[in-house]
Amino acid sequence: MSFKIIYKNKISKKNLQNLVLFVDEKFNISGIKRHITSPDFALISDLLKTRDEKKKILAFDISSKKKIILVSLKKNISNSDVENLGASFYDQFKNNKTNEFCLNSDTLTIQQKNISGYFAHGVKLKSYIFEKYKTKKNNKNFSLIITGKNQISIKDQIKFKAIESGTFYTRDLVSEPGNILHPDEYATRLKSLKKYGLNVVVYDEKKLKKLGMNTLLGVGQGSIRGSYLVTIEWNGLNKKSKPLAFVGKGVCFDTGGISLKPAKFMEDMTYDMAGSAVVVGLMKSLALRKAKINAVGVVGLVENMPGGNALRPGDILKSYSGKTVEVLNTDAEGRLVLADALTYTEEKFKPKFIVDLATLTGAIIVSLGSEYAGLFSNDDKLSKQIIDAGEIVAEKVWRMPLNKNFDKLIDSKNADMQNINYVGGAGSTTAAQFLQRFILNKTPWAHLDIAGMAFSKYGGALNSGGATGYGVRLLNKLIEDHYE
């Protein structure tokens, strides 16, 4: 599928095959009268008398080659609702014989900024498909031409394109199979981000051993593939200021290790690197839109396999922080990767805050399903900023508890801590409580457990199933509203 958004000031006759016009929520069409012919206006007026009042998008076949499509906008509509309208529009017309549509922005019934831009953004996000490995590809073209005086600025066009590019890059990474996007390949791909002005540094196993990142290395030691930590820096400010830090779990495939997962649905464990993919997509979008901040993305890339050298239940590892961990279950591996990455990020970059993202626990899906990511944090201000940003872009989070009373569930008799709570209950909270122990200098920190949000078998408002890219738009909004 080839998709284009084109901005033009004037409408040419050839763009009139599929004309898209905005109307108010009651489908009052008096405002579009000057934009269509009198016969077309009369026909639509008559057909509207029997319209389905539940529908927000109505299409009228004027002829075999011409449609007029009305999109209703209620007063004070949110930007996310406009995006959802765009996504619904795409779903409704993606199989139309003529896939060129002309959206007349002069028909806007409300004065909110960038309505046509958010509508197009929703269309674009919904249009994503991953068909890299299909021999027969969808070769259809889909064009949305936006005309009229209510155009969005060049700056905003760049912002939308940057966020779309970052989101799609995240979806691409998550969609790749494990035999293609193993840690070696992933680390190599990240080097290509240098062309966008990002500073990329790859730490291989030799460097990680020297640094003492033994919890991260422990997860990957059963694989024939290498293990890596990759840092990606964006310096959008001339002055030296503390960066914003984003840390991602990149388990490229998770068998569970010696604590082997059941065979059913194990194929989905290709997306256990989604946290890292969100960080990577975010850093790409920040670079493309020339964000006025300093930021760093840190990702730990490993493969969790039950090889002859694999980590065993009962093994004790010394982390980069110096703290020791008894590994009771090798399938609680993401927290081991993040433990070293979090401490290293805090120590090396001394950031304003750290947000980590991981498909960390199945328990968060039991708690929140696929409606909210779980948010755990040591900072109320950062938590509120993330929650507010999530509401605006409809990538919602729900704050979950952290409390010192949970520590007893992960204290170990043989080491400083154990990597899983065998007493039962509070699986997501004890995982987050574990991570918090590796924030050593009271840096504001938030952990997003995105296990229920990173991948959708059925599709969502802005995706058609598969990798969602959840988190890229959320964190872009957090930065845009509070730190730029």
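Each remark here, short or long, concerns the structure printed above.
Trainee: Tell me about the overall build of the chain, and name the residues and values.
Mentor: Of the regular secondary structure elements, the chain holds 13 helices and 19 strands. A compact globule built from 484 residues should have a C-alpha radius of gyration of about 23 Å, and the chain, at 25 Å, falls within 12% of that. In terms of overall dimensions, the chain has a C-alpha envelope of 85 × 50 × 40 Å along the principal axes. Counting across all 484 residues of the chain, residues that qualify as buried make up 57%. Residue pairs at least 24 apart in sequence account for 79% of intrachain contacts in the chain once pairs closer than 6 positions are excluded. Put simply, the chain shows about 21300 Å² of open surface, and 50% of that area lies on carbon and sulfur atoms.

Trainee: Account for unusual backbone geometry, naming residues and giving values.
Mentor: Here Phe265, not a glycine, exhibits a phi torsion of approximately 70°, which is positive. Looking at where Phe265 falls in the secondary structure, it is placed in the loop between β9 (244-254) and α8 (274-288). On the basis of relative accessibility, which here comes to 47%, the residue Phe265 falls in the partly exposed class. A positive phi angle is found at Lys290, which is not glycine, with a value near 55°. Mapped onto the secondary structure, Lys290 falls in the loop between α8 and β10 (294-304). Overall, the relative accessible area of 51% leaves Lys290 in the exposed class.

Trainee: Describe helix α2 (residues 79-93), and please don't skip the residues or the numbers.
Mentor: With 15 residues, α2 should reach 21 Å at 1.5 Å per residue; the first-to-last C-alpha distance of 21 Å fits that figure. Along α2, the residues classified as buried are Ser80, Val82, Glu83, Leu85, Gly86, Ala87, Phe89, Tyr90 and Phe93.

Trainee: Please give an account of the sheet that holds strand β13 (residues 353-358) that cites residues and values.
Mentor: If you walk across this open sheet you meet the eight strands as β7-β8-β10-β9-β13-β17-β14-β15, and the pairing is mixed. In this open sheet, the two strands that pair with only one neighbour each are β7 (199-203) and β15 (397-399). In this sheet, adjacent strand axes meet at a mean angle of 20° when their direction is disregarded.

Trainee: How would you summarise the nonpolar core if you had to cite specific residues and measurements?
Mentor: The nonpolar side chains of a soluble globular protein tend to be buried, and buried together. Core analysis: the largest hydrophobic core is formed by 56 residues, its most contacted members being Tyr186, Phe246, Val355, Ile386 and Ile450. Top element by residues in this core is α8. It accounts for nine residues. Aside from chain neighbours lying at most four places away, what touches Tyr186 is Leu173, Leu181, Cys252, Met273, Ser276, Ala277, Val280 and Leu301. Counting 37 residues, the second-largest nonpolar core is a separate cluster that includes Leu229, Val251, Val298 and Val337.

Trainee: For the pattern of salt bridges, give the residues involved together with the corresponding values.
Mentor: This structure, assessed with the given rule, holds 27 salt bridges. Asp91 is the salt-bridge partner of Lys94, the closest N and O atoms lying 3.4 Å from each other. Accessibility expressed as a relative area gives 36% for Asp91, which makes it partly exposed. As a salt-bridge pair, Glu480 and Lys159 come within 3.3 Å of each other at their nearest N and O atoms. Taken together, the positions of Glu480 in helix α13 (residues 472-482) and Lys159 in helix α4 (residues 154-175) put the pair 321 residues apart, joining distant regions of the chain. Look at Glu480 and you get partly exposed, because its relative accessible area is 27%.

Trainee: Provide a residue-level description of the sheet that holds strand β12 (residues 324-326), including the pertinent values.
Mentor: The strand order across the open sheet built from three strands is β11-β12-β16, with neighbouring strands paired in mixed fashion. Two strands close off the open sheet at either side, each with one partner strand: β11 (316-318) and β16 (417-418).

Trainee: Can you lay out the environment of Gly222 for me, pointing to particular residues and giving the numbers?
Mentor: Structurally, Gly222 can be placed in the loop between α7 (214-220) and β8 (228-235). A relative accessible area of 14% places Gly222 in the buried class. In this structure, the C-alpha to C-alpha distance between Gly222 and Leu260, residues 38 residues apart in sequence, is 12 Å.

Trainee: Kindly report on the packing of helix α11 (residues 380-393) against α13, identifying the contributing residues and their values.
Mentor: Their axes nearest at 8 Å, the elements α11 and α13 cross at an angle of 115°. The interaxial crossing formed by α11 with α13 has right-handed handedness. Of α13, the residues touching α11 (which contributes Gln385, Ile386, Ala389, Gly390, Ile392 and Val393) are Arg473, Leu474, Lys477, Leu478, Asp481 and His482. Residues belonging to the contact of α11 with α13 are distributed by class as follows: six nonpolar, three polar and three charged.

Trainee: Describe the side chain of Thr255, with residues and values.
Mentor: Tracing the chain through its elements places Thr255 in the loop between β9 and α8. At 2.7 Å, the side chain of Thr255 forms a polar contact with the backbone oxygen of Asn304. Setting aside residues up to four positions removed in sequence, Thr255 forms contacts with Leu260, Lys261, Met266, Asn304, Met305 and Pro306.

Trainee: Summarise the pairing of β10; cite the residues concerned and give the values.
Mentor: In terms of burial, β10 is largely enclosed, as 11 of its 11 residues are buried. Looking at chain direction, β8 and β10 are connected through eight bridges and run antiparallel. Directly across from Asn235, in β10, lies its bridge partner Asn294. Bridging between β9 and β10 involves nine bridges; their strand directions are parallel.

Trainee: Any chance you could break down the side chain of Glu83 for me, citing the residues and the numbers?
Mentor: Among the structural elements, Glu83 can be located in helix α2. Residue Glu83 is classed as buried on the basis of its relative accessible area of 5%. With residues near it in sequence (within four places) discarded, Glu83 still touches Tyr118, His121, Gly122, Leu462 and Arg473.

Trainee: Report on α8, specifying residues and quantitative values.
Mentor: The terminal C-alpha atoms of α8 lie 21 Å apart, and with 15 residues this matches the ideal 21 Å at 1.5 Å per residue to within 8%. When you tally the buried positions in α8, you get 14 out of 15 residues, the bulk of the element. Following α8 by one or two positions, Lys290 has its phi on the positive side, about 55°.

How each quantity is defined
Residues numbered from 1 in each chain as written. Predicted model: local features only at pLDDT ≥ 70, side-chain atom pairs only at ≥ 80, totals over all residues. Heavy atoms only, no water. Helix = DSSP H or I, 4+ residues; strand = E, 2+ residues; numbered from the N terminus. Rg over C-alpha atoms; globule rule 2.2 N^0.38 Å. Buried < 20%, exposed > 50% of the residue type's maximum accessible area, 1.4 Å probe, protein only. Contact = heavy atoms within 4.5 Å. Areas by Shrake-Rupley, 256 points an atom, 1.4 Å probe, with all protein chains shown as cover. Expected span 1.5 Å × (residues − 1). Pairing = 2+ DSSP bridges. Axes fitted to C-alpha atoms, helices over the stretch in contact; angles between N-to-C directions. Core = buried A, V, L, I, M, F, W, Y, C linked by side-chain atoms within 4.5 Å. Salt bridge = Lys/Arg side-chain N within 4 Å of Asp/Glu carboxyl O. Left-handed = near helix turned anticlockwise from the far one by under 90°. Nonpolar A, V, L, I, M, F, W, Y, C, P; charged D, E, K, R; others polar. Polar contact = N/O pair within 3.5 Å; in protein donor to acceptor, adjacent residues only side chain to side chain.

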